[in-house]
Amino acid sequence: MNKLFTRMVLLTGVVFLILACGRGNYSEKPPIHLNPNMDSQGKYKAQSESNFFVNGATMRTPVEGTVARGELRADDAFYHGKDATGEFVTSAPMAFTTEMVTRGEERYDIYCSACHGKDADGNGKILFYKYPIPPANFYDERIKKLSDGHMFNAITAGWLNMPSFKAQVSVEDRWAIISYIRSLQKN
Ligand code: HEC
């Protein structure tokens, strides 16, 4: 009994070894699937056509008028830097804390310093590569007078020749960066 079992184990091992030899060999035939498991399942692929849904698209859009959890951006000042009348808020909708400034400095160094300079004076590395439009100097009187809302919007939507950073910088981090720039401007 014990002998038979050992032989069976050995035989299985040999069969597996022989099967394994086929790995990496080129073949036009579909692979032999001993256990297809969930490899071939009825499913819709992204962007594919459907003859089930009336509009022929497999991908569904959110029901009109609904908002996904956590996506309700009702606070205009916080999410858009604007007040109820659509004007830019003069100052940020929160008090700036030291934690914010520290976080803002870190984010500024990553996302803004290449153009606006580590010292925020508009002398970023980008000028070395002959960037044609000078990035703003944050110590400039005009920039100092910009409202927090306008700055927030510049990061979110971009400003003239500056690209938008909304994909890279979260809403919280945008305010943190502004708190850092403001702390620099005070000096
Ligand atoms: C790719 C280079 C580049 C990067 C990175 C960049 N900026 Fe700018 N930024 C510019 C340029 C160029 C201007 C001037 C645009 C113009 O006047 O056409 C500018 C202008 C501005 C202004 C002035 C807007 C105004 O009303 O005049 C603000 C504020 C500003 N940037 C903030 C930021 C912040 C904050 C970051 C980091 C999140 C950032 N920028 C990252 C290139 C950049």
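Residues numbered from 1 in each chain as written. Predicted model: local features only at pLDDT ≥ 70, side-chain atom pairs only at ≥ 80, totals over all residues. Heavy atoms only, no water.

Colleague: Can you break down the site of the ligand residue by residue, with the values?
Modeller: Contacts to the ligand come from 22 residues, most closely from Cys-112, Cys-115, His-116, His-150 and Met-162. Contact distances for the ligand include 3.1 Å between an oxygen atom and a side-chain N or O atom of Trp-159. In the environment of the ligand, an oxygen atom lies 2.8 Å from a nitrogen or oxygen atom belonging to the side chain of Asn-161. Among the elements of the structure, helix H4 (113–116), helix H5 (141–144), helix H6 (148–157) and helix H7 (171–186) are those that each provide at least two residues to the shell around the ligand. Considered class by class, the residues forming the shell around the ligand number 18 nonpolar, 3 polar and 1 charged. (Near = heavy atom within 4 Å. Polar contact = N/O pair within 3.5 Å; in protein donor to acceptor, adjacent residues only side chain to side chain. Helix = DSSP H or I, 4+ residues; strand = E, 2+ residues; numbered from the N terminus. Nonpolar A, V, L, I, M, F, W, Y, C, P; charged D, E, K, R; others polar.)

Colleague: Would you mind going over the confidence of the model for the protein in detail, with residue names and values included?
Modeller: In the predicted model, the protein carries a mean pLDDT of 91, and 98% of its residues have values of at least 70. At the low end of the mean pLDDT range in the protein sits helix H1 (residues 2–21), at 84; at the high end sits helix H3 (residues 98–111), at 98. (pLDDT = per-residue confidence, 0-100.)

Colleague: I'd like a description of the nonpolar core, backed by residues and values.
Modeller: Ranked by size, the top nonpolar core spans 24 residues in total, and within it Tyr-108, Phe-138, Met-151, Trp-175 and Ile-177 carry the most contacts. Of all the secondary structure elements, the ones that give two or more residues to this core are helix H2 (76–80), H3, H6 and H7. Among the elements that line this core, the one with the most residues is H7, at 7 residues. Once residues lying within four places of it in the same chain are set aside, the contact partners of Met-151 are Phe-138, Ile-143, Leu-146, Ile-178, Ile-181, Arg-182 and Gln-185. (Core = buried A, V, L, I, M, F, W, Y, C linked by side-chain atoms within 4.5 Å. Buried < 20%, exposed > 50% of the residue type's maximum accessible area, 1.4 Å probe, protein only. Contact = heavy atoms within 4.5 Å.)

Colleague: Lay out unusual backbone geometry with the relevant residues and their values.
Modeller: Positive phi, normally seen in glycine, also occurs at Gln-47, with a value near 70°. Mapped onto the fold, Gln-47 is located in the loop between H1 and H2. Phi is positive for Ala-120, which is not a glycine, with a value near 65°.

Colleague: Explain a nonpolar patch on the surface residue by residue, including any values.
Modeller: There is a patch of nonpolar side chains on the surface, built from Leu-11, Val-15, Leu-19, Ile-32 and Leu-34 and spanning about 590 Å² of accessible area. Residue placement: Ile-32 occurs in the loop between H1 and H2. (Patch = residues over 30% accessible without salt bridge, like charges linked within 9 Å, V, L, I, M, F, W, Y side chains within 5 Å. Areas by Shrake-Rupley, 256 points an atom, 1.4 Å probe, with all protein chains shown as cover. Salt bridge = Lys/Arg side-chain N within 4 Å of Asp/Glu carboxyl O.)

Colleague: Let's hear about the side chain of Gln-185: which residues, and what values?
Modeller: Its place among the elements puts Gln-185 in helix H7. Taking the relative accessible area as the measure of exposure, Gln-185 reaches 10% and is therefore buried. Polar side-chain contacts of Gln-185 include one of 2.8 Å to the side chain of Arg-182. Once residues lying within four places of it in the same chain are set aside, the contact partners of Gln-185 are Phe-138, Tyr-139, Ile-143, Lys-144 and Met-151.

Colleague: Kindly report on the coordination of the iron atom of the ligand, identifying the contributing residues and their values.
Modeller: For the iron atom of the ligand, the protein coordination sphere consists of His-116 (NE2) and Met-162 (SD), at 1.9 to 2.0 Å. Around the iron atom of the ligand, the 6 donor atoms are arranged such that angles at the metal cover 84 to 179°; this shape is classified as octahedral. Separated by 46 residues along the polypeptide, His-116 in helix H4 and Met-162 in the loop between H6 and H7 bring together distant segments of the chain. What makes His-116 buried here is its relative accessible area of 9%. (Donors = N, O, S within 2.8 Å, 3.2 Å for Na, K, Ca; no water. Tetrahedral: all angles 85-135°; square planar, octahedral: opposite > 155°, others 65-115°.)

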